[in-house]
Amino acid sequence: MLFGRSKKNPVKIADKSVVEWKYAACGYCSTGCSIEVGLNAEGRAVSSRGVAEADVNRGKLCLKGIFEHELFDSAGRGVVPKMREYWHEDWQETDWDTALDKVHDEIRRIQDQYGRDSFAIISTGQMLTEEFYTLGKLTRGLIGTNNYDGNTTLCMASAVSGYKRSFGSDGPPGCYEDFEHTDLLIAWGSNLPEQHPIIYWRMKEAQEKRGFPLIVVDPRVTMLAQNADIHLPITPGTDVVLQNAFMHVILKEGLQDQAYIDANTNGFEELKDEVEKYDPATAAKICGIDEDSIRHVARRFASAGAAMQIWTMGINQSTHGSDGVVGINNLALITGNIGKPGGTSLSITGQCNAMGTREWSSCSGLPNYRMLEVPEHRQEVAKFWNVDVEFFPGKRGMLQTDIYHAIESGQIKGLWLIATNPMSSLPNTARIRKAMEKLEFCVVQDCYVDTESAQYAHVYLPAGTWAEKEGVMTNTERRISVVKPIAAPPGQAKPDLWIFNRMAERFNKDGKVSFPERAPEIFLEMRELSAGRLADITGMDHELIENSRGIQWPYTKEQKDSGEPPPRGGKRLYTETAAFRYADGKAKLIPLPFIDNNEVPDGQYPVWLNTGRLIEHWHGRTKTGKIGNNNKYSPIPFIEINPDLCAELGIQRGEYVRLVSRRSDAIVMAQPTGRVPKNMVFLPFHFHDCANRLTLGLLDPHSRQPAYKQSAVRVEKITDQKEAACLSMEMRKF
Ligand code: SF4
């Protein structure tokens, strides 16, 4: 007798007629999965698969990576340069020389008329590292504006700032392999299964083998929280209070690693004085976690042989984002959990190459974590690039979030946006719209011509995307991987590197500064500039990186010459005494007094608005909104809302409701769930003209990152559901 499947038709995997597989690293998140794209006999990309021998993903891909080959011929790609006199006029197609001349002339006109810094440049975490490096050289060495930043300010600025404050430099010290050694893991505001599915798989596999406890700090019952041994549903924006309370217990009970503290840190007495104020009873009233849980988790963390902390946007996107990172580092340092297998503080990065821009773009300073504020760093880079050292500013200019305020006030008149879409991604859309309308000149360089921000451009430059280009990317664990061209950019679109180099020719008429044409050559130039730096890559080249399926930095020439196997590179930072990047080699323990400066729920707006991402979508849906297999999972803007709040407001499952904040309103579908408490709704931020109509986005004072996750709203029932459905449909358009 036949049972089950044997009676049915066998599962068949559609034959895509792949004749060749081509290698790249995934272009969505910072996990850094190695991917192969299958081409059919016509050379068309028809399939994607994970690379089995790549250490990061070991053959797996998530829902986005599986369909990544569909990006190449997705709708809305820009295929020809365009220009217009005013942003609200129709586009006129043009040729590259005319478009690039216009951009050059407008940059110089604005700088001559209003000053060098009146033109701003904002890039992305989506380009390849050699492109970032070239843009940095062009901006810092030739154009000369100091108002130059990346959209990584919206996701990683607090991690960067916190690492710099604690350790003297940016650079995540841990790696994925730490999951295989840790005895306890705390995840702060990080929902790995949805945001970084393949890191989650690595973590889960390690946990199943060794059974370490997982503690999740998150106001929402996320997918990760559902899998936690202990879930701490913290009051939004109060992580610093919980961290101080953990340290209070650890120090009161003498559980700290005093030998490590004495040998490796400064500031212990000041930290001790501050955390003395955060006894569990007092802290519990602010952060919403009961005293016993605070004591229990603090004791378990301090007594674990090796304890690991990870975090993502739940920490970074807060008015206390940078402090939250420093708090995580403080906890790690007082328990000796840095630089040892399984003992680390690891920021899980956002975009695929957010790390590349942190390392090489010169946005926050100069290449390879050099600082404009350090005269020797300015001198070194000026000499290397053959530019006048006096041309470099003495300190960093505005960050992205401040640039828009400066446009609003008339201080900045022109803007070059590269692979970023602030009209979708910045908080308080109405305010950003007004700022964009004020620009005298805006150029948008993007692979898509139909982004919301391109509506305000005077010039549009069509760029290649992901594996239409060649270069490297760095992932969360400092692993550099190669991307090779799989397809050509469509029509007249060009790789970003080509665009920067043609622009450089216009600012570099005497040819004083060299701009190599090809990514492998640029990598060799970067390699020279990396010698002796934290991110030393002198042992690497494109070929070795590709053959190794990624190498973690640092990997030095000495390591390579000594025969140390390349696939490993530098697993961990700060493994030795006196290794931190402050002058005396010690890390700083920094006291963190808590001042509650968020917008909080009140009588008029009684509900927290928490925003975040879903597994099937990527950021503003510029890419995934056009890939049917991703978009169809959740095409409609919705909120998670507690069933008790629904009952109180008379709202049924699937009804449209109006969310109202002090900024504006949005129409979304209600999905009742116990994942959120009664005083909170969760709204995915992907949809155009939706979440960011509502967000306030107060800024962190250190990192200038917006607090996307702490706004106040009210929920209103809508009686005319037909009209609400039409309004919501508007938001589904890209
Ligand atoms: Fe790409 Fe990230 Fe998914 Fe890996 S986890 S396939 S890097 S989106």
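Residues numbered from 1 in each chain as written. Predicted model: local features only at pLDDT ≥ 70, side-chain atom pairs only at ≥ 80, totals over all residues. Heavy atoms only, no water.

## Focus on the sheet that holds strand 19 (residues 551-552)
Pairing between the strands of a sheet comes from backbone hydrogen bonds, and it takes one of two forms, parallel or antiparallel.
Item 1. Read across the sheet, three strands follow the order 17-18-19 without closing on themselves; strand pairing throughout is antiparallel. The open sheet terminates on both sides in strands that have one partner only, identified here as strand 17 (471-474) and strand 19.
Item 2. The pairing of strand 17 with strand 18 (residues 479-483) spans four bridges and is classified as antiparallel. Its bridge partner lying in strand 18, G471 is registered against V483. (Pairing = 2+ DSSP bridges. Helix = DSSP H or I, 4+ residues; strand = E, 2+ residues; numbered from the N terminus.)

## Some points on the site of the ligand
Item 1. All residues adjacent to the ligand are C26, Y28, C29, T31, G32, C33, L61, C62, K64, G65, P197 and I198.
Item 2. Given that more than half its atoms are within 2 Å of the pocket grid, the ligand belongs to the second largest cavity.
Item 3. Of all the secondary-structure elements, those providing two or more residues to the shell around the ligand are helix 1 (63-66) and helix 6 (197-210).
Item 4. Looking at side-chain class alone, the shell around the ligand contains eight nonpolar, three polar and one charged residues. (Near = heavy atom within 4 Å. 1 Å grid on protein atoms, 1.4 Å probe; cavity = no way out; pocket = protein on both sides within 12 Å on 5 of 7 lines; lining within 4 Å. Sits in = over half its atoms within 2 Å of the grid points. Nonpolar A, V, L, I, M, F, W, Y, C, P; charged D, E, K, R; others polar.)

## Let's talk about the domain arrangement of the protein
Item 1. Entries for the protein in the domain assignment read domain 1 (20-73), domain 2 (82-155 + 353-529), domain 3 (173-347) and domain 4 (607-731).
Item 2. Facing 24 residues of domain 3, the contacting portion of domain 4 comprises 23 residues.
Item 3. Ranking the residues of domain 3 by area buried against domain 4 places R220, Q317 and T319 at the top, with a combined share of 36%.
Item 4. If you look at where domain 3 meets domain 4, you find one salt bridge.
Item 5. When the shortest N-O distance is used, the salt bridge between R220 and E640 registers 2.9 Å.
Item 6. For the interface between domain 3 and domain 4, the tally reads five residue pairs in polar contact (both at pLDDT 80 or more).
Item 7. If you list the elements that add at least two residues to the side of domain 3 that touches domain 4, you get helix 5 (192-195), helix 7 (223-226), helix 13 (313-316) and helix 14 (321-334). (Domains from an automatic or database assignment. Contact = heavy atoms within 4.5 Å. Buried area = accessible area lost by both parts, 1.4 Å probe. Salt bridge = Lys/Arg side-chain N within 4 Å of Asp/Glu carboxyl O. Polar contact = N/O pair within 3.5 Å; in protein donor to acceptor, adjacent residues only side chain to side chain.)

## Description of empty space enclosed by the protein
Item 1. This model, assessed by the stated rule, comprises seven cavities of 30 Å³ or more.
Item 2. Along the walls of the second largest cavity sit C26, Y28, C29, T31, G32, C33, L61, C62, K64, G65, P197 and I198, which together make up its complete lining.
Item 3. Listed by contribution, the elements that provide at least two residues to the lining of the second largest cavity are helix 1 and helix 6.
Item 4. Of the residues in the lining of the second largest cavity, the class split is eight nonpolar, three polar and one charged. (Points joined across faces, edges and corners; volume = space filled by probe spheres on them.)

## A short note on helix 12 (residues 291-303)
Item 1. Counted at 1.5 Å a residue, the expected span for helix 12 with its 13 residues is 18 Å, and the 18 Å between its end C-alpha atoms agrees.
Item 2. Buried within helix 12 we find I294, V297, A298, F301 and A302. The buried residues of helix 12 occupy an angular sector of 125° when the element is viewed end-on, so they sit on one face. For helix 12, the exposed residues set more than 90 degrees away from the buried face come down to D292 and S303.
Item 3. Of the residues flanking the start of helix 12, the one acting as N-cap is D290, its side-chain oxygen 3.3 Å from the backbone nitrogen of D292. (Expected span 1.5 Å × (residues − 1). Buried < 20%, exposed > 50% of the residue type's maximum accessible area, 1.4 Å probe, protein only. Arc of directions from axis to C-beta.)

## Re the layout of surface pockets
Item 1. When its volume is computed, the largest pocket comes out at roughly 590 Å³.
Item 2. What lines the largest pocket is a set of 32 residues, and nearest its centre among them are V160, S161, K164, S364 and R396.
Item 3. Taken together, the elements giving at least two residues each to the lining of the largest pocket come down to strand 7 (148-150), helix 4 (157-167) and helix 15 (354-360).
Item 4. Sorting elements by how many residues they give to the lining of the largest pocket places helix 4 first, with five residues.

## What about the packing of aromatic side chains?
Item 1. Applying the stated criterion across every chain yields a total of 15 aromatic pairs.
Item 2. Measuring from centroid to centroid gives 6.1 Å for Y28 and W618, while their planes differ by 65°, and the two rings are edge-to-face. Residue Y28 is located in the loop between strand 1 (18-25) and strand 2 (34-40), and its partner W618 is located in the loop between strand 21 (607-612) and helix 24 (628-631); the two are separated by 590 residues in the primary sequence. The residues Y28 and W618 share a single accessibility class, namely buried.
Item 3. Taking 5.2 Å as the distance between ring centres and 55° as the angle between the ring planes, the aromatic pair formed by F167 and Y574 counts as tilted. With F167 in helix 4 and Y574 in the loop between helix 23 (557-561) and strand 20 (587-588), this residue pair connects regions lying 407 residues apart in the sequence.
Item 4. A residue is classified by how much of its surface remains accessible, and F167, at 0% relative accessible area, is buried.
Item 5. Judged by relative accessible area, which is 6%, Y574 ranks as buried.
Item 6. Each residue in the set Y163, F167, W311, Y574 and F580 is aromatic and connected to the rest through ring pairs, giving one cluster.
Item 7. R84 extends its terminal NZ or CZ atom over the ring of W91, reaching a point 3.7 Å from the ring centre.
Item 8. We note R116 situated over the ring of F391; from NZ or CZ to the ring centre the distance is 4.2 Å. (Phe/Tyr/Trp six-rings, centres within 6.5 Å; stacked < 30°, edge-to-face > 60°. Lys NZ or Arg CZ within 6 Å of the ring centre and 35° of its normal.)

## Re the pattern of salt bridges
Item 1. Enumeration over the complete set of coordinates arrives at 50 salt bridges.
Item 2. Its salt-bridge partner being R109, residue E106 comes within 2.9 Å of it at the nearest N-O pair. With E106 and R109 both in helix 2 (residues 96-114) and three residues apart, this pair spans about one turn of that helix.
Item 3. Under the relative-accessibility criterion, R109 is labelled partly exposed at 30%.
Item 4. Connected through salt bridges with shared partners, the residues R433, R658, D665, D689, R693, R714 and E716 form a single ionic network.

## Concerning the side chain of D323
Item 1. Along the polypeptide, D323 turns up in helix 14.
Item 2. With a relative accessible area of 13%, D323 lands in the buried category.
Item 3. Beyond its immediate sequence surroundings of up to four residues, D323 is in contact with R165, V240, Q243, L592, D700 and H702.

## A look at the environment of A159
Item 1. Locating A159 in the fold gives a position in helix 4.
Item 2. Sequence separation of A159 and V325 is 166 residues, and the distance between their C-alpha atoms is 6.0 Å.

## Some words on the pairing of strand 14 (residues 414-418)
Item 1. Taken across its five residues, strand 14 has five buried, putting it largely inside the fold.
Item 2. Taking every second residue as pointing to the same face, both faces of strand 14 are buried, with G414, W416 and I418 on one and L415 and L417 on the other.
Item 3. Pairing of strand 6 (residues 119-123) with strand 14 involves four bridges; the strand directions are parallel. For I121, the partnering residue across the bridge sits in strand 14 and is W416.
Item 4. Relative to strand 15 (residues 441-446), strand 14 runs parallel, the two being bridged by five bridges. Within the sheet, the bridge partner assigned to G414 lies in strand 15 and is F441.

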